[in-house]
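Coordinate inspection notes
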Amino acid sequence: MNRPRTARTARPARTARTARPARTARTSRTSRTGRAVLAAAAALAVVAAAAPAEAAAPAHRHGGTLILVGGGLRDDNAEIYGEIVRKAGGAGRARIGVLTAASVPESQDPDAADPERCSNSACNGAYYAALFARHGAADAQWIPVDVEHVAAADSDAVVARVESMTGFFFGGGDQYRYITSLLHGDAHTDSRVLAAIRAKLAAGAVVAGSSAGAQIASGPHMVSGGDSYQALRDGSAPGYFDDPARLGQIPEGGFGFFGPGLLDTHTGTYGREGRAIRLASDTGHDRVFALDEDTAVEVEDVGSRRESLRVLGTHGVSVFDLRHARSRTVGGRWSIAGVGYSYLTDGDAYDTRTWRTRPGGGRTRLVPASSSAVPANHDVFFSVDNPDGVPYSFSGTARALVATTSRRTATATTYETGPAFAVRFEKTGDTRAWTADGTTAASFADLQVRIGPAGNRPAPRRRSTA
């Protein structure tokens, strides 16, 4: 892309989403009091002439850990924050560098002077630094790089501060701001700060992020926006778009920390399963990890033969397997069949090499005993236009299906018409589900999914690589 480094600093707000459930990332805002002062102190600490403290030695030498959160990370999620601190050296030892370049810079924040309302890169950096200190970090400091301070990404003082850290956290916002502030232009090469973080990850540090901070860990074809219905109807295209419903992607990707597949975030809350499947099909990817809010995928020993993955948090992670998927477009209408669908929840592990799920502790294989019907679902992607829509609708239908003896298939449709799309879920001989209470499905693996115009069954054909 030929785009100025500071050109993309804001997108039009999705005003149609105001009726959605409240975002939970900042449920406790009292700690934001005085953030402006903390931000100034953090920035001064980074550029101070004093030598940085020595970083603690990593716990192992097989590669570091990624902890990627689907957004909406609650301040009181001790499981996820605690794991970040633990992997960074533990309580009283962890030193966390906080990056918030995805936020608007201070000059563009109309509430910059109000520590209770500000949401710019400096005050968000100080906010997260204070939050990590509350969760046990010995030190947590904002790394003062954003789209108005691009030169800081190659500063000796800032690089020295990065070198002193044992872990890093990338906050949310607009992931393109991370590209413009931490990568060098069209060459898509690392700034010195990003190169230092990459080296720390390889040596055993933890790199975490939420929402845009998780998306930026993506490799090629990082998603840049879009809604599921429009994605199924119109397909994807490279770039960012003024229409926030249009499915876009960045061919060069983000920082490339995460290699097992495509990433998506806020999945169940915004019904993004459809866009994740369409983007993978359009770009030739075999696998997507679609993360729900307040939920993380933790990847240990990143990039090594020992790499392992597990899920932490409140909701789940959808894994879509497109190795045997086939898509076609007939009469301008797109369809796909043969998509494998697994849904992992807290404690579940996933082997990225064998594509197999291992249930978390305390769970047993679910043997369906209920003959309950699968509830009708006429808004499978939680449409922005449906005031009565229900979040986690897609995974809800799937979980109801694997827990009943009454059906082997279930079909849900989009709220939108012209055309309407149908999603068909099917149990096969490989489908497995696990339970913690003996009746409901906590997680499952290897359901089959077909998507196509409502009333028509998609026929498997050659996979699209457009």
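Given the structure is predicted, the values throughout are model-derived calculations rather than measurements. (Residues numbered from 1 in each chain as written. Predicted model: local features only at pLDDT ≥ 70, side-chain atom pairs only at ≥ 80, totals over all residues. Heavy atoms only, no water.)

Focus: helix α3 (residues 121–134)
Formally: Helical segments are the DSSP runs of H or I of at least four residues, strand segments are the runs of E of at least two, and each set is numbered from the N terminus. The span you would expect from a helix comes to 1.5 Å times its residue count less one. Exposure is judged per residue with a 1.4 Å probe applied to protein chains only, and the accessible area is read against the type maximum: over 50% gives exposed, under 20% gives buried, and values in between give partly exposed. Under the rule applied, a polar contact is a pair of N or O atoms within 3.5 Å (in protein, one hydrogen donor and one hydrogen acceptor; residues adjacent in sequence only if both atoms are side-chain atoms).
Under the 1.5 Å per step criterion, the end-to-end length of α3 is 20 Å for 14 residues, consistent within 8% with the ideal 20 Å. Of all 14 residues that make up α3, 11 are buried, and the element is covered over most of its length. If you check which residues of α3 are buried, you get S121, A122, C123, N124, G125, A126, Y127, Y128, A129, L131 and F132. At the N-terminal end of α3, a side-chain oxygen is found 3.0 Å from the backbone nitrogen of A122, two or three residues along, and the residue is N120.

Some thoughts on the side chain of D75
Quick note on the threshold: In summary, the charge assignment counts Lys and Arg as positive and Asp and Glu as negative, without counting His or the chain termini. Throughout this description, the term salt bridge denotes a Lys or Arg side-chain nitrogen within 4 Å of a carboxyl oxygen of Asp or Glu.
Along the polypeptide, D75 turns up in the loop between β1 (65–69) and α2 (78–87). Of the buried charged residues, D75 lacks a salt bridge, with R134 as the closest side chain of opposite charge at 4.9 Å. At a separation of 2.5 Å, a polar atom in the side chain of D75 contacts the side chain of Y127.

Focus: the sheet that holds β1
Two strands in a sheet stick together by hydrogen bonds in their backbones, pointing the same way (parallel) or opposite ways (antiparallel). Our working rule: Strand pairing is assigned whenever DSSP detects at least two bridges linking the two strands. Axis definition: a line fitted to C-alpha atoms, limited for helices to the stretch in contact. Angles are taken between N-to-C directions and run from 0 to 180 degrees. Note on definitions: a residue-residue contact is assigned when non-hydrogen atoms from the two residues lie within 4.5 Å.
Read from one edge to the other, the open sheet built from 9 strands follows the order β3-β2-β4-β7-β1-β13-β14-β18-β19, with strand pairing classed as mixed. What marks the edges here is a single partner per strand, and that holds for β3 (139–142) and β19 (356–358). Across the sheet, the mean angle from the axis of one strand to that of its neighbour is 20°, orientation sign disregarded. Note: strand β13 (residues 295–300) against strand β14 (residues 308–313), 6 bridges, orientation antiparallel. If you follow E298 over to β14, its bridge partner there is R310. Where α3 meets the sheet, it contacts β2 (95–99), β3 and β4 (167–170), and its direction lies at approximately 175° from that of β3.

Focus on the packing of helix α4 (residues 156–163) against helix α6 (residues 192–202)
So the rule is basically this: Any angle that falls under 35 degrees is termed roughly parallel, while one over 145 is termed roughly antiparallel, one within 65 to 115 roughly perpendicular, and all others oblique. Two helices crossing with the near one rotated counterclockwise from the far one by less than a right angle form a left-handed crossing, whereas a clockwise rotation gives a right-handed crossing.
It is at 9 Å that the axes of α4 and α6 come closest, and there the two elements cross at 15°. By the angle between their axes, α4 is roughly parallel relative to α6. α6 is crossed by α4, and the crossing has right-handed handedness. On the side of α4, the interface is formed by D156, V158, V159, V162 and E163, while α6 contributes R192, V193, A196, I197 and K200.

Structural notes on the packing of aromatic side chains
Note the threshold: Two rings from Phe, Tyr or Trp (for Trp, the six-membered ring) form a pair when their centres sit within 6.5 Å of each other. Planes less than 30 degrees apart are called stacked, planes more than 60 degrees apart edge-to-face, and all others tilted. We count a charge as sitting over a ring when the NZ of a lysine or the CZ of an arginine lies within 6 Å of the ring centre and within 35 degrees of the ring normal.
Throughout the structure, instances matching the rule amount to 20 aromatic pairs. Chaining the aromatic ring pairs together yields one cluster made of F320, Y341, Y343, F381, F394, F425 and F444. The positively charged end of R246 is found above the aromatic ring belonging to F241, 3.9 Å away from the centroid. Here the basic side chain of R287 rests over the ring of W355, its NZ or CZ set 3.8 Å away from the ring centre.

A word on the sheet that holds strand β10 (residues 247–250)
The strand order across the open sheet formed by 3 strands is β8-β10-β9, and the pairing between neighbours is mixed. What marks the edges here is a single partner per strand, and that holds for β8 (222–225) and β9 (236–238). On average, each strand axis in the sheet is inclined to that of its neighbour by 40°, with strand direction left out of account. The sheet contact formed by β8 and β10 spans 3 bridges and is antiparallel. Bridging from a neighbouring strand, V223 pairs with Q249 of β10. The strands touched by helix α10 (residues 273–283) are β8, β9 and β10; relative to β10, the strand with the most contacts, the crossing angle is about 50°.

Quick notes on the confidence of the model for the protein chain
Keep this limit in mind: For every residue, the pLDDT score states the predictor's confidence, bounded by 0 at the bottom and 100 at the top.
Residue-level pLDDT values for the protein chain average 88, and 84% of them are 70 or greater. Per-residue pLDDT stays below 50 along residues 56–61; that stretch engages in 9 contacts with residues further than four places along the chain or on separate chains.

Overview of unusual backbone geometry
Backbone torsion omega between G418 and P419 reads -5°, so that peptide bond is classified as cis. At H221, a position not held by glycine, the phi torsion is positive, near 70°. Its location among the elements puts H221 in the loop between α7 (212–215) and β8. A positive phi is found at H266, a non-glycine position, where the angle reads about 50°. Secondary-structure assignment places H266 in the loop between β11 (262–264) and α9 (267–270). You can call H266 buried: its relative accessible area is 4%.

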